[in-house]
Every structure is written in C-alpha cells, then in structure tokens.
Amino acid sequence: MARLKNIAVSVNSFVGNAAKVDIKSVQLHELEESVRALGEPVYHATQIAEWLYKKRAASFDEMTDLPRKLRLQLTEQFSIGKIDVVRVLGAQDTTRKFLFRLSDEALIESVLIPASPALYGMRSDRRTVCVSTQVGCAYGCKFCASGLEGFSRNLRPNEIIDQILAIEREAADKTDNIVFMGMGEPLANFDNVMRAIRIINAPWGLSIGARLITVSTGGIAPQIRELAKESLQIRLAVSLHGASDEVRNQIMPINRRYNIETLLSACDYYASRKKQHLTFEYILIEGVNDSDEQARLLARHAQRVKAKVNLIPYNTVRGLPWARPSQDRQEKFLSILRADKIPATLRREKGHDIEAACGQLRLQTKKVEQGSGLLLS
Ligand code: SAH
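All values reported here derive from a predicted model rather than from experimental measurement.

**Thoughts on the site of the ligand**
The full set close to the ligand counts 20 residues, and Gly184, Ser216, Ser239, His241 and Asn315 are the nearest of them. Separating an oxygen atom of the ligand from a side-chain N or O atom of Ser216 is a distance of 2.6 Å. Here an oxygen atom of the ligand and a side-chain polar atom of His241 are 2.6 Å apart. Protein chains shield 93% of the accessible area of the ligand, which is 530 Å² for the free molecule. Of all elements in the fold, only strand 10 (213–217) and strand 12 (279–284) reach the threshold of two or more residues within the shell around the ligand. Its residues placed into classes, the shell around the ligand shows ten nonpolar, eight polar and two charged.

**Some words on helix 7 (residues 221–229)**
Residues Ala221, Ile224, Leu227 and Ala228 constitute the buried set of helix 7. All buried residues of helix 7 lie within an arc of 110 degrees about the axis, which places them on one face of the element. Looking at the buried residues of helix 7, the elements they touch are helix 6 (190–201), strand 10, strand 11 (235–239) and helix 10 (260–274).

**Points about the packing of aromatic side chains**
In total, this model carries three aromatic pairs according to the counting rule given. The interplanar angle of 10 degrees and the centroid separation of 6.0 Å between the aromatic rings of Phe98 and Phe100 together place this pair among those described as stacked. Using a relative accessible area of 0% as the deciding quantity, one classes Phe98 as buried. Judged by relative accessible area, Phe100 falls into the buried class, the value being 0%. Over the aromatic face of Trp51 sits the side chain of Lys55, whose NZ or CZ is 3.8 Å from the ring centroid. Between the NZ or CZ atom of Arg225 and the centre of the ring of Tyr269, over which it lies, the distance is 5.1 Å.

**A word on the packing of helix 11 (residues 292–305) against helix 12 (residues 327–339)**
Packing of helix 11 against helix 12 brings their axes to within 8 Å, and their N-to-C directions diverge by 35 degrees. Seen along the crossing, helix 11 lies across helix 12 with a hand that is right-handed. The segment helix 11 lies against helix 12, with Asp292, Gln294, Ala295, Arg296, Leu298 and Ala299 engaging Arg329, Lys332, Phe333, Ile336 and Leu337. In the contact of helix 11 with helix 12, the residues fall into six nonpolar, one polar and four charged.

**Comments concerning the pairing of strand 12**
Most of strand 12 is tucked away, with six of its six residues classed as buried. Across the two faces of strand 12 the burial is the same, with Thr279, Glu281 and Ile283 and Phe280, Tyr282 and Leu284 all buried. As defined by bridge partners, strand 11 adjoins strand 12 across three bridges and the pair is classed as parallel. The partner of Ser239 across the bridge, within strand 12, is Glu281. Pairing between strand 12 and strand 13 (residues 308–313): six bridges, direction parallel. Looking at strand 13, one finds that Thr279 is bridged to Lys308. With helix 11 bridging strand 12 and its parallel neighbour strand 13, the resulting β-α-β unit is right-handed.

**Notes on the nonpolar core**
Within the largest apolar cluster, 108 residues are counted, with the highest numbers of intra-cluster contacts made by Phe180, Phe280, Leu298, Val309 and Leu311. With residues up to four places along the chain from it excluded, the contact list for Leu298 reads Leu240, Ala243, Phe280, Tyr282, Val309, Leu311, Phe333 and Leu337. Formed by six residues, the second largest nonpolar core is a distinct cluster that contains Ile113, Cys130, Met181 and Ala237.

**Looking at the pattern of salt bridges**
Within this structure, the stated rule accounts for 16 salt bridges. The salt bridge partner of Glu30 is Arg195, with a shortest N-O separation of 2.7 Å. Linking Glu30 in helix 2 (residues 28–37) with Arg195 in helix 6, this pair joins segments that are 165 residues apart in sequence. When sorted by exposure, Glu30 lands in the same class as Arg195, which is buried. Notably, a salt bridge pairs Glu261 with Arg304, separated by 3.0 Å at the nearest N-O pair. With Glu261 in helix 10 and Arg304 in helix 11, this residue pair connects regions lying 43 residues apart in the sequence. Taking the relative accessible area as the measure of exposure, Arg304 reaches 34% and is therefore partly exposed. If you follow the salt bridges from partner to partner, you end up with Asp104, Arg153, Arg156 and Glu159 in one network.

**Description of unusual backbone geometry**
Even without glycine at this site, His241 takes up a positive phi of about 65 degrees. One non-glycine residue with positive phi stands out, namely Lys306, at about 55 degrees. Checked against the element boundaries, Lys306 lands in the loop between helix 11 and strand 13.

Calculation notes
- Residues numbered from 1 in each chain as written.
- Predicted model: local features only at pLDDT ≥ 70, side-chain atom pairs only at ≥ 80, totals over all residues.
- Heavy atoms only, no water.
- Near = heavy atom within 4 Å.
- Polar contact = N/O pair within 3.5 Å; in protein donor to acceptor, adjacent residues only side chain to side chain.
- Areas by Shrake-Rupley, 256 points an atom, 1.4 Å probe, with all protein chains shown as cover.
- Helix = DSSP H or I, 4+ residues; strand = E, 2+ residues; numbered from the N terminus.
- Nonpolar A, V, L, I, M, F, W, Y, C, P; charged D, E, K, R; others polar.
- Buried < 20%, exposed > 50% of the residue type's maximum accessible area, 1.4 Å probe, protein only.
- Arc of directions from axis to C-beta.
- Contact = heavy atoms within 4.5 Å.
- Phe/Tyr/Trp six-rings, centres within 6.5 Å; stacked < 30°, edge-to-face > 60°.
- Lys NZ or Arg CZ within 6 Å of the ring centre and 35° of its normal.
- Axes fitted to C-alpha atoms, helices over the stretch in contact; angles between N-to-C directions.
- Left-handed = near helix turned anticlockwise from the far one by under 90°.
- Pairing = 2+ DSSP bridges.
- Right-handed = clockwise from strand over helix to strand, strands pointing away.
- Core = buried A, V, L, I, M, F, W, Y, C linked by side-chain atoms within 4.5 Å.
- Salt bridge = Lys/Arg side-chain N within 4 Å of Asp/Glu carboxyl O.

Any functional reading would require information that these geometric values do not contain.
Given below as structure tokens:
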C-alpha cells in the first residue's frame, strides 16, 4: 500500500494535487505498478487501458472482466474524470467548436476540423481535433481572446485526453490528427502535455501517430529545446506573427523575453535534432505585420530554419481593434514568400462565423453567463 501511495504521489507531482489521481493521466507502466502493488497480475493493467481507450468505459463498474475486489481498490485509488459539453457550435460537415465545463466549473474550448488541406505536413488531414492545454493563458498576445481574462490553471493530462474522447463521442468518429492550438500555451504546461501526448500516441492509448500530433507555441525558446530532446517525432508549429522584434514586441509580449534571434536559434536546434521541418504560423493583421518588408524578412527566417509558413488571415475578436488585410494584400504577402521558394500556404480559414479563434467562444459564454447573473441579482 505504501508503494501504491508513492506512485500516486509521484503522479500527482506531475499532474497537480487532486485527492485521487485520474486514471487517464497515468501511463501503462504506472498502471502496471499499481496493479502489481495491489497483488494482482499485471495483465489487468492492459485490460484497464483497453476499457478506457478502446471501449471508452466511464466507470470501473463497467470493467466486468476485472476481479470485483480490484475494481473496488481502483475506485479508491483513482478517479475517472469526465467533462461536460456546454455548447456546440457549427454543423456536422464544417468546423465544430465545443465548449466544455471541467470538474471545477472552469470552461475550455476544443475544435473539430473535419477536412482541411495538409497544413502541418501531416500525411492525412482528414479529421483534426484542436485541444486546449490551459484554462486561460498567461502570455497576453494582444490579438488573442484567450488571454483577455488572464491565466487560471494548467490542464491535467486527463483533461486534455477527455477533450478528444468527448469530441469523438459527440461526432461518433475517430480522430486522425491532434493539434495543440486551443486555449493556453502548451509548452508552459510541458509535463502534463507530454504525459497526454504519450497516451494519445501509445498503442494501448489513442494510437495516433506522433507525426500526426502538432504542438504550437508562442515561442518559449528554452522549452522548444526541451521538446527537441524528447524521443517522439511530434511536429512543432511556432506562432511567429511578426518578422522583426519591433513588430513582434508590439503584439507578443513573450518576444521581450525571447526575441526573434533567440527563438530562431531554438528552432534551428529543434530542426537539427528532429530532422524535420517545422511550421511558422503567421496571422496577417492589417497595418501591423502585413507589409512587403515583413514578408521578405519572414522568408529569410523560414529559409534559415527550413520552415514552412502558414499564413492565417486574422479572425476578428469582438472588443479588439485588429482587422484582417484585404484579399489582395494577403495574396501579395504570399507571393513574396513564394518568390523566395518558401513552401507557404494561405489559409482560407474555417470557423470565422462561429468565433472559432482561440478563446472566443469561452469569452462569449462567460459574458452571457455573467450577464444573466447580473439580471438575476
Ligand atoms: N499558445 C500557443 C497555442 C495556442 S494559439 C501558440 O501561441 O501557438 C493557436 C494559434 O491561434 C496561435 O498561432 C495563435 O496566435 C492563433 N490565434 C489566436 N487568436 C487568433 C485570432 N483571433 N485569429 C487567428 N489566429 C489566432
């Protein structure tokens, strides 16, 4: 029992200080240790994983081929979290946005993108789920809705996994790709995100290939280097959004901490360790970062680290002053990159009408809830 407690403590130190460890936050080998410590044969751990990730059981009671005693002991040791769907926006065949409520009432968003061109160099881009990694965000990018109300907390691994499971349940279909591009900064919640990724990738888990998993960062250079040391061949996208420090400082406060040179050198390191191309995401914002000069500089950076470039017309956020450039300007920006032979795409982005940009739905819902609260009081 003492040994079991130790496992719980060590897992807890990764995933937060919940009273019980959520079973969807642990790896198979940890589950095996727990089962062994309970005096049961380790193959039960594989059965448990199968119940969770293949048969999608929501309680230990459903795991009928486990001894009853073990089921009871598991209930004492672990919780099985779930998240509630609060709202779904969008239609069956288009981008669908999910607003979830977590056990502590926190709201997070995830997006299901049914079919998109191969944006991040993935083999197949049939069904992509975009997950959140934090409640709110601490990085305060000026154009983004997620950071408007600040940062609340990191998501635990099971809360990341549960977004995918809930979407697959709602959509009655499997996911091909996962992108960490929802609310929050994945690399600021490094350990929990890596734990979730191992479960997403594992054959006993969700079994999604590492190359079909993309982590997006606002540019935490030291953590990019850490990610480069991980053995999994997951993909990296870097939100650049400005090609000079002058422009990037205006819209992304993180640039004052890790400027473009520091960021590019971390990207260089990542590309050389992983032997794979990374992607620069570049939102086009009118009059801010959409000049010819920015395009030429961006091309230089992309050449240096052999990055692909995804241009994304800005999704307007209510209450923020930023706008997307005209179609002509977007195309001109793209043509400058292409003239320099940079593999670049211009996203005819989906989801503009459902406020699918990072953090928008949550903000809207919180406002409505707060508004109705005011009316009642
Ligand atoms: N923090 C991470 C991941 C979350 S944001 C990051 O910065 O990469 C995922 C992407 O959505 C980022 O590139 C972010 O800059 C972009 N984004 C945020 N608000 C947006 C908006 N209103 N329109 C278009 N893209 C937006």
